Amino acid sequence: MVDSSALTKKFQKEMNAGIASLVLLSVLDKSHGPMYGYQIARLLEDYSGDAAFMKQGALYPVLHSLEGSGLLESKVEPSVSGPPRRYYEITPAGRETLVVWLGVWKQMKSFVDRAVKGA
Amino acid sequence: MIHSIEEYLDVLKAELQGSDSATIQDALADAEEHLRAALASLRENQPETSEEEALAQAIEQYGSPEETASAYKEVERRTSPALVRETSAQQSSMLKRFLGVYDDPKAWGALLYMLISLVTGIVYFTWVVTGLSLSVSLAIFIFGLLFAVFFAVSLRGLALLEGRIVEGLLGVRMPRRSLFFQKGTTWFERLKTNLTDRHIWLTLIYFFLQLPLGVIYFTLIVTLFSLSIGLMAAPLVQSITDFPVMSFGVARYYAPLWSTPLFLLAGFLIWTLTMHLGKFIGQLHGTYAKTFLVTE
């Protein structure tokens, strides 16, 4: 007997691995200023509706790794309520990379669509 | 069932056991920032939900400690810290490894670190001595407490800065940010947490030692650099300016022409060895800084 829900979870996780980077870069590319983690999570929640694709906690390590590779930069600022917040902003290198990634994504999407449809 | 953010952080910390300590610190800071923000916004938008329900909802969206821990581990596995290179499996020759240090960003980074550590060492030392003596002498006044808290907070900031320098130049993964205080704690409580925090004392010691270490590093690098450059330049200088390689009193010694390559080789060897030494000291210092500056 195949445990389909566990398999689906695994499938979802593997797909998210790359897509999260693309989505986070796009969101920060379109935003009018630096955003902090919770803000980004809320925005993504609005986009995804009821189907939450990934846990919000999984966004943060991706943000760190994007920052580590120089696609994002961040600064910590005190907040009115609660602990200081880390604000993320896209770098010029991040914008360049996003253009390339969007190209890859378009190709990938049409390839998958065609493969799934079989036409 | 998790009843408070602190409990969540504790479980998360336990889940991340064995991960890089800097990753753990990132994960805890992220979770705390997010959950507090989520909780505040939930309480604002739905005042009728209880604190417990709101927290449960926030955690449901953020992910359980297990899920969060696995997300960090996953990303940590995929990305390596700055300057870490894939170590090639094939053993290269001794000579290649000896000269390969010129192509090693860690060696250059370490040399640069040793040079600037004199400046940062002086700054840290001055700051720590001034701050500590003022904190102690002002302690008889009420505002002395405020000053002590300010000093402790500044230490955390400086520790973070030093961490960034160490990570950038020595390639040792360090915390991305300092841990912060919880909202609603009084100044006195903050002072108490600081005084009982082992980490703040370790940071103090680190900053104290940074001056003597900085002096040693700086002197070592500058001396060895001058020695190697001097050796390499000596034959040339003596042929142009009549300046001897060595002079004792009135006796002047000139190196014969055939020894020119020997001088060049000696200078080059000394500099290459200095690069290796720098790399080694850099690694040692990185480990030492990590033990003293990263909160476990």
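Reading guide: rules and limits
- Residues numbered from 1 in each chain as written.
- Chains lettered and ligands numbered in written order.
- Predicted model: local features only at pLDDT ≥ 70, side-chain atom pairs only at ≥ 80, totals over all residues.
- Heavy atoms only, no water.
- Helix = DSSP H or I, 4+ residues; strand = E, 2+ residues; numbered from the N terminus.
- Contact = heavy atoms within 4.5 Å.
- Axes fitted to C-alpha atoms, helices over the stretch in contact; angles between N-to-C directions.
- Parallel < 35°, antiparallel > 145°, perpendicular 65-115°, else oblique.
- Left-handed = near helix turned anticlockwise from the far one by under 90°.
- Nonpolar A, V, L, I, M, F, W, Y, C, P; charged D, E, K, R; others polar.
- Buried < 20%, exposed > 50% of the residue type's maximum accessible area, 1.4 Å probe, protein only.
- Pairing = 2+ DSSP bridges.
- Phe/Tyr/Trp six-rings, centres within 6.5 Å; stacked < 30°, edge-to-face > 60°.
- Lys NZ or Arg CZ within 6 Å of the ring centre and 35° of its normal.
- Expected span 1.5 Å × (residues − 1).
- Bend = angle between axes of the 7 residues up to and from the residue.
- pLDDT = per-residue confidence, 0-100.

Q: I'm lost on the overall build of chain B in this one. Help?
A: For chain B, the helix and strand inventory stands at ten helices and two strands. Taking all contacts inside chain B whose residues are at least 6 apart in sequence as the whole, residues at least 24 apart take part in 75%.

Q: What should I look at first to understand the packing of helix H7 (residues 142–170) of chain B against helix H10 (residues 260–293) of chain B in this one?
A: Packed helices, taken two at a time, are described by their axes: the angle between them and the distance between them. All names here are of chain B. Here H7 crosses H10 at 150°, and the two axes come no closer than 10 Å. With respect to each other, H7 and H10 are oriented roughly antiparallel. You can see that H7 and H10 cross each other, and the crossing is left-handed. Residues Ala159, Glu162, Gly163, Val166 and Leu170 of H7 lie in contact with H10, whose contacting residues are Gly282, His285, Gly286, Ala289 and Leu293. Across the contact of H7 with H10, the residue classes tally to five nonpolar, four polar and one charged.

Q: Hey, could you run me through the pairing of strand E3 (residues 85–90) of chain A in this one?
A: Each regular strand shows side chains that alternate between the opposite faces of the sheet. All names here are of chain A. When you tally the buried positions in E3, you get five out of six residues, the bulk of the element. Bridging between strand E2 (residues 72–77) and E3 involves six bridges; their strand directions are antiparallel. Pairing of leucine 72 across the sheet is with isoleucine 90, part of E3.

Q: Explanation requested: the packing of aromatic side chains in the structure shown.
A: Under the criterion given, the structure shown has 13 aromatic pairs over all chains. Pairing tyrosine 102 of chain B with phenylalanine 268 of chain B gives two aromatic rings, centres 5.8 Å apart and planes at 10°, and the pair type is stacked. Of this pair, tyrosine 102 of chain B sits in the loop between helix H5 (94–99) and helix H6 (105–137) while phenylalanine 268 of chain B sits in helix H10, placing them 166 residues apart in sequence. Classification of tyrosine 102 of chain B by relative accessible area gives partly exposed; the value is 27%. Classification of phenylalanine 268 of chain B by relative accessible area gives partly exposed; the value is 35%. In this structure, arginine 85 of chain A is placed above the aromatic ring of tyrosine 36 of chain A, and the distance from its NZ or CZ to the ring centre is 4.2 Å.

Q: Would you mind showing me how to read the environment of leucine 28 of chain B here?
A: Residues and elements named next belong to chain B. When you line up the elements, leucine 28 lands in helix H2 (residues 21–45). For leucine 28, a relative accessible area of 12% translates into the label buried. For the pair leucine 28 and leucine 9, spaced 19 residues apart in the sequence, the C-alpha separation amounts to 6.1 Å. Excluding residues within four positions of it along the chain, leucine 28 makes contact with Leu9, Leu12 and Lys13.

Q: It is not clear to me how the sheet that holds strand E1 (residues 35–36) of chain A should be interpreted in this structure. Could you clarify?
A: The pairing of strands in a sheet comes from backbone hydrogen bonds and takes either a parallel or an antiparallel form. Residues and elements named next belong to chain A. With antiparallel pairing, three strands are arranged side by side in an open sheet as E1-E3-E2. Bordering the open sheet on either side are E1 and E2, each of which pairs with just one other strand. Contacting E2 and E3, helix H3 (residues 59–68) crosses the sheet at an angle of about 115° to E2.

Q: Hey, could you run me through helix H1 (residues 4–30) of chain A in this one?
A: Note on helix geometry: an α-helix contains 3.6 residues per turn, so any two residues three or four positions apart are oriented the same way. Residue and element names in this part refer to chain A. Taking 1.5 Å of rise per residue, the 27 residues of H1 would be expected to cover 39 Å, and the 37 Å separating its terminal C-alpha atoms lies within 8% of that figure. Residue alanine 17 marks the point of greatest curvature in H1, where the axis turns by about 40°. On the buried face of H1, the contacting elements are E1, helix H2 (37–48), H3, E2, E3 and helix H4 (92–117).

Q: Looking at this structure, I do not really get the confidence of the model for chain B. What am I missing?
A: Regions with low pLDDT carry predicted coordinates that are not meant to be interpreted in detail. All names here are of chain B. Mean pLDDT over chain B stands at 83; residues scoring 70 or higher make up 90%. Here helix H8 (residues 187–196) is the element of chain B with the lowest mean pLDDT, 70, and H6 is the one with the highest, 93. Of the regions scoring below 50 in pLDDT, residues 83–90 engages in nine contacts with residues more than four places distant in sequence or in other chains. Quick note on the complex model: pTM equals 0.56, ipTM equals 0.80.

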